[in-house]
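Residue strings, one per chain:
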Amino acid sequence: MDIAHGTMLLVGLIFALLVTGLPLAFITGLVALAFTFGWFGPNALPLVTSRVYGFVTEYSLVAVPMFVLMASLLDRSGIARDLFNAMRVFAGRLPGGVAVQTVVVAFFLAALSGIIGGEIVLLGILALPQMLRLGYDKHLSIGVVCAGGALGTMMPPSIVLIIYGLIASESIADLFTAAITPAVILMLSYIGYVLVRCLRNPEMGPPMTEADRTEGFANRWQALKAVIVPGLIAVMVLGSIYGGVASVTEAAAMGVFGVLLAVVARGEFSLKTLHESLGQTLTTCGMIIWIGIGAAALVGVYNLMGGNRFISGMIMDLEVAPIVIILVMMAILLVLGMFLDWIGVAMLTLPIFVPIVEQLGYSPIWFGILFAVNMQVSFLSPPFGPAAFYLKGVAPASVSLKDIFVSLLPFIALQLCVLFALLFWPDLAMWLV
């Protein structure tokens, strides 16, 4: 069997097993073992396991559980709640003010943790009921919560960018730096969309009453104090990275320490809180590691088969402009993102795509930002957009999955606009780097 038929068999086997409902980590691992023994025999097994060992012993991977733990502690403290209430004081008089404040708070939370699911659940509990109570348009409210929560894929310290940096062997600090401007553009595009819709139709986002606006905080000074703690934590984490004071892994540990201090100072620390946070961290990181192990094994055996040379040669032989090849890669990522978890998409495609991007003369840092935006789109995209299912778990009973997916369509369109802007104007991402 030649490599072309082997590639078709490998891809077909993966999708056939996905239909069975098996976890992706087991599917990739099983396919990797089948092709190792079937193509090379048992003697090739140590070559595949060495690739897996290289993945799990990567030092920068330690940053992932640190940032997950930081997010878990934030979810269980009142820091995010106070931040949301504080922003109400500043955004209350704007048309669609609660929706605007939700996007801004989501941006702050993304800068604190880089974990997406927890943000959507938190915003679904804090923001969605309030917007519905105030008479906000249901679809606008749902879309803002999910799209705002998905900013965690872009805004440093994004776990997506950390994994990309590990796979592509690129500087995670440079990826974080390049991601700032696109993340701000996404946030501003969401805010702009809300303001335009609410200015054209004020009933979509009625203004808040004075009592609602100042609930919990009598004045702006009190509200500002509630913003200081999360602001200091974000500055401590990101500032230490950009300032060259600490590596990403060290900055993640500093972030956990800062959040833990804040939780203790607020009198919200308990052994139950710590136990639940550690449990969530182990569950999340276990999923990431197992998917990574399976995908690393699969990519390892495929490369041994000559698959990377086959795919690279096939793409490079296309008589089209390099940007067309990048567009094809984006289309593949978008389609895969509709059916697979982002970590699976990253581990399966990036070892093949990144070398091709370098051969085409493009920056892998720039491609990493495109990948992160793409994964943000996949996080909202039907039929398996995780954001919809995260929100459905905490949304009122009157909100259906159909309502959620319909609400996400305008925000997916905004994300695609930003993706195309980054494609054709790379300096939007690269000017800071």
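- The name recorded for the protein in an unreviewed UniProt entry is TRAP transporter large permease protein, from Halomonas beimenensis.
- As stated in UniProt under Subcellular location (unreviewed entry), the record for the protein gives "Cell inner membrane".
- Quoted verbatim from the Subunit (unreviewed entry) field of UniProt, the annotation for the protein is "The complex comprises the extracytoplasmic solute receptor protein and the two transmembrane proteins."

## Brief notes about the packing of helix H17 (residues 322–337) against helix H19 (residues 364–380)
Phase 1 of the analysis: Remark: H17 packs on H19, axes separated minimally by 9 Å, with the N-to-C direction vectors making an angle of 35°. Remark: the crossing between H17 and H19 carries right-handed chirality. For the pair formed by H17 and H19, the contact residues are Ile 326, Met 329, Met 330, Leu 333, Leu 334 and Gly 337 on the first element and Trp 366, Phe 367, Leu 370, Phe 371, Asn 374, Met 375, Val 377 and Ser 378 on the second.
Phase 2 of the analysis: Looking at the contact of H17 with H19 residue by residue, the classes come out as eleven nonpolar, three polar and no charged.

## Description of the layout of surface pockets
Phase 1 of the analysis: By volume, the second largest pocket amounts to about 590 Å³.
Phase 2 of the analysis: Together, 24 residues line the second largest pocket, and Val 11, Ile 311, Leu 348, Thr 349 and Ile 352 are the ones closest to its centre.
Phase 3 of the analysis: Taken together, the elements giving at least two residues each to the lining of the second largest pocket come down to helix H1 (3–19), helix H15 (271–304), helix H16 (307–316), H17 and helix H18 (342–359).
Phase 4 of the analysis: Partitioning the lining of the second largest pocket into residue classes produces 22 nonpolar, two polar and no charged.

## So, the pattern of salt bridges
Phase 1 of the analysis: Summed over all chains, the structure comprises one salt bridge.
Phase 2 of the analysis: Note that Asp 403 and Lys 138 form a salt bridge whose closest N and O atoms lie 3.1 Å from each other. Taken together, the residues span a long stretch of sequence, with Asp 403 in helix H21 (residues 401–424) and Lys 138 in helix H9 (residues 138–149) at a distance of 265 residues.

## As for the nonpolar core
Phase 1 of the analysis: One finds Ile 162, Ile 326, Phe 367 and Leu 380 to be the most contacted residues of the largest nonpolar core, which totals 151 residues.
Phase 2 of the analysis: With 13 residues, the single largest contributor to this core is helix H11 (residues 172–200).
Phase 3 of the analysis: Leaving out residues up to four positions away in the same chain, Leu 380 has contacts with Cys 146, Ala 147, Ala 150, Gly 385, Ala 387, Phe 405, Leu 408, Phe 411, Ile 412 and Gln 415.

## So, H16
Phase 1 of the analysis: Along H16, the residues that are buried comprise Gly 307, Ile 311, Ser 312 and Ile 315. Buried residues of H16, viewed axially, fall in a sector of 125°; they line one side.
Phase 2 of the analysis: Those residues of H16 hidden inside the fold are in contact with H1, H15, H17 and H18.

So, how was this worked out
- For every chain, the first residue of the written sequence is number 1, and numbering continues from 1 along that sequence.
- The model is predicted, so local features are restricted to residues of pLDDT at least 70 and side-chain atom pairs to those at 80 or more, both for listing and for counting; the totals for chains, interfaces and linings are taken over all residues.
- Side-chain measures here rest on the full set of heavy atoms in the structure, leaving out hydrogens and waters.
- UniProt positions are given in the numbering used here, feature names are shortened, and annotations may be inferred rather than shown by experiment.
- Lines fitted to C-alpha atoms define the axes, with helix axes restricted to the stretch in contact, and inter-axis angles between N-to-C directions lie between 0 and 180 degrees.
- Put simply, DSSP marks the helices as runs of H or I at least four residues long and the strands as runs of E at least two long, and each gets a number from the N terminus on.
- Here a crossing is taken to be left-handed if its near helix is turned anticlockwise relative to the far helix by less than a right angle, and right-handed if that turn runs clockwise.
- Pairs of residues are marked as contacts when any of their non-hydrogen atoms sit within 4.5 Å.
- Under the scheme applied, nonpolar residues are Ala, Val, Leu, Ile, Met, Phe, Trp, Tyr, Cys and Pro; charged residues are Asp, Glu, Lys and Arg; polar residues are all the others, including Gly.
- Cavity: a set of points on a 1 Å grid over the protein atoms alone where a 1.4 Å probe fits but cannot get out. Pocket: an open set with protein on both sides within 12 Å along at least five of seven lines, its lining residues, like those of a cavity, having an atom within 4 Å of a point.
- Grid points are joined across faces, edges and corners, and a volume is the space filled by probe spheres set on the points.
- Put simply, a salt bridge is a Lys or Arg side-chain nitrogen that is within 4 Å of an Asp or Glu carboxyl oxygen.
- Residues enter a nonpolar core if they are buried and are Ala, Val, Leu, Ile, Met, Phe, Trp, Tyr or Cys, with the set joined through side-chain atoms within 4.5 Å.
- Each residue's exposure class comes from its accessible area (1.4 Å probe, protein chains only) as a fraction of the maximum for that residue type: buried when under 20%, exposed when over 50%, partly exposed otherwise.
- As used here, the arc belongs to the directions running from the helix axis to the C-beta atoms.

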